[in-house]
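Structural features, examined
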Amino acid sequence: MKKRTKIITGVVIAGILAAAAVPRFLKPAEVAEQVTIPVVKAETPQTGTITLSKEVIGTVEPSDIIYVMPKVAGEILEIYVNPGDVVEAGQPLCRIDNKQIDSSKISMDAAKVALDTANANLARMQVLYDSGDISAQSFEQVQTSAQSAKLQYDGAKLAYDLQVEYSTVTAPIAGKIESSTMALHNTVAQSSQLCVITGEGGKKVTFSVADSLRNALSLGDEIVMEKQGTEYTGTVTEIGSMVNPQTGLFDIEASVDNGGTLAPGVKIQLSVVSDKSENVMTLPVDCVYYDGGDAYVYTYENGTVHKVPVEVGIYDSERAEIVSGISEDNLVITTWTSELTEGALVTLQEAAAEAKTETAEGETAEAGTTAPASIAKITL
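Every value quoted in this text rests on a predicted model; they were computed, and no experiment measured them.

A few words now on the packing of aromatic side chains. This model, assessed by the stated rule, comprises five aromatic pairs. Both rings, one in Y129 and one in F139, keep their centres 4.6 Å apart while their planes meet at 10°; by these two values the pair is stacked. Of this pair, Y129 sits in helix α2 (residues 100-131) while F139 sits in helix α3 (residues 136-167), placing them ten residues apart in sequence. Given the relative accessible area of 34%, Y129 is considered partly exposed. Here Y289 and W336 contribute two aromatic rings whose centre-to-centre distance is 5.7 Å and whose plane-to-plane angle is 55°, an arrangement assigned as tilted.

Let us now look at the sheet that holds strand β10 (residues 175-180). Ordered by their spatial adjacency, four strands build an open sheet running β5-β12-β10-β7, and the pairing between neighbours is antiparallel. Because the sheet does not close on itself, it has two edges, and the strands there are β5 (65-68) and β7 (86-87). Pairing analysis gives two bridges linking β7 to β10, with the strands arranged antiparallel. By the bridge assignment for β10, V87 is matched with G175.

Attention now moves to the nonpolar core. The biggest cluster of nonpolar side chains holds 19 residues, and the ones touching the most others in it are V205, F207, I223, M225, I268, L270 and V272. Of all the elements in the fold, those that place two or more residues in this core are β4 (46-62), β13 (203-209), β14 (222-227), β15 (230-243), β16 (250-256) and β17 (267-284). With residues up to four places along the chain from it excluded, the contact list for V205 reads G58, T59, V60, I223, M225, I252, E253, A254, V256, I268 and L270. In terms of nonpolar packing, the next biggest core, distinct from the first, is built from 15 residues, L93, A171, M182 and L194 among them.

What counts and how
Residues numbered from 1 in each chain as written. Predicted model: local features only at pLDDT ≥ 70, side-chain atom pairs only at ≥ 80, totals over all residues. Heavy atoms only, no water. Phe/Tyr/Trp six-rings, centres within 6.5 Å; stacked < 30°, edge-to-face > 60°. Helix = DSSP H or I, 4+ residues; strand = E, 2+ residues; numbered from the N terminus. Buried < 20%, exposed > 50% of the residue type's maximum accessible area, 1.4 Å probe, protein only. Pairing = 2+ DSSP bridges. Core = buried A, V, L, I, M, F, W, Y, C linked by side-chain atoms within 4.5 Å. Contact = heavy atoms within 4.5 Å.

Right under this line is the structure:
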């Protein structure tokens, strides 16, 4: 009985020892946890031009627009054109009953009589002078009188011709009659507007800008216009030097290159250059960061990240002007990762790609191993 008890006791002790030993054999081996170094993209600054634009509203007008006014007052006797008609330069528009024509005719006729008399007297004196019956001084006086009569006649005839010319109002340019206030038997003054003629040439657009935007504009600057989905281009042709008292802004004019389909008077949206930096150092705007208003970028140098303060100029939706802080040789990191900090280790995408290619060609990677751009951390 005692012998059996000892055997049982031994079995129990052996089981206990085996249970204590099993965990040691089942304990997992040490595992190498891989910590991957971030792969980033980087580029050097580029030299380029950054242009900023501002949207304004302008009004389309004909490049030539004439407000026709009579040069004499009187009653309209005949009208030769209607609104919408296309006219040629010099074409009659209307005829005015000019009462001054009669008085001018009388003055011209009187001057003609005086001239004929002076010329007849000069002819008689010429005979007497040739025969020696009058002195040279007397003959010179007769010549002077004849010359004076000629000048008076020429002046009177010019005045008459002008009155005749002014009685028929003609188109100063070729174009279209946009509007007309002419009516038969209406009496018009010299300051009355008879009609408006727009030229057959191109179109122009007028718009108003504040002083800051005016200072950014120069003659010859290109502008872009848009109307109902169609884009037009133009060039700044006139920059106002005085503020318009009605708007408090400066008036600007620009030609429209392809505006033949634009109707005069319509409103059009313009994109006007408000600021511009040419031949400056630029970076993608997304790689410039800010801390309390201070700008900085991350640069790459020998696998290490550096945080570099920079001064930023103007910028658009894609690129920013870098005034100072880096040089054209610096590699600026253009991708974001939460591990971008001063002194952090990173790998350029190009280097990582080359290492991956070499591994695929000649090296056999074991299962669970990491890429070349990594380090191992031992966890117990």
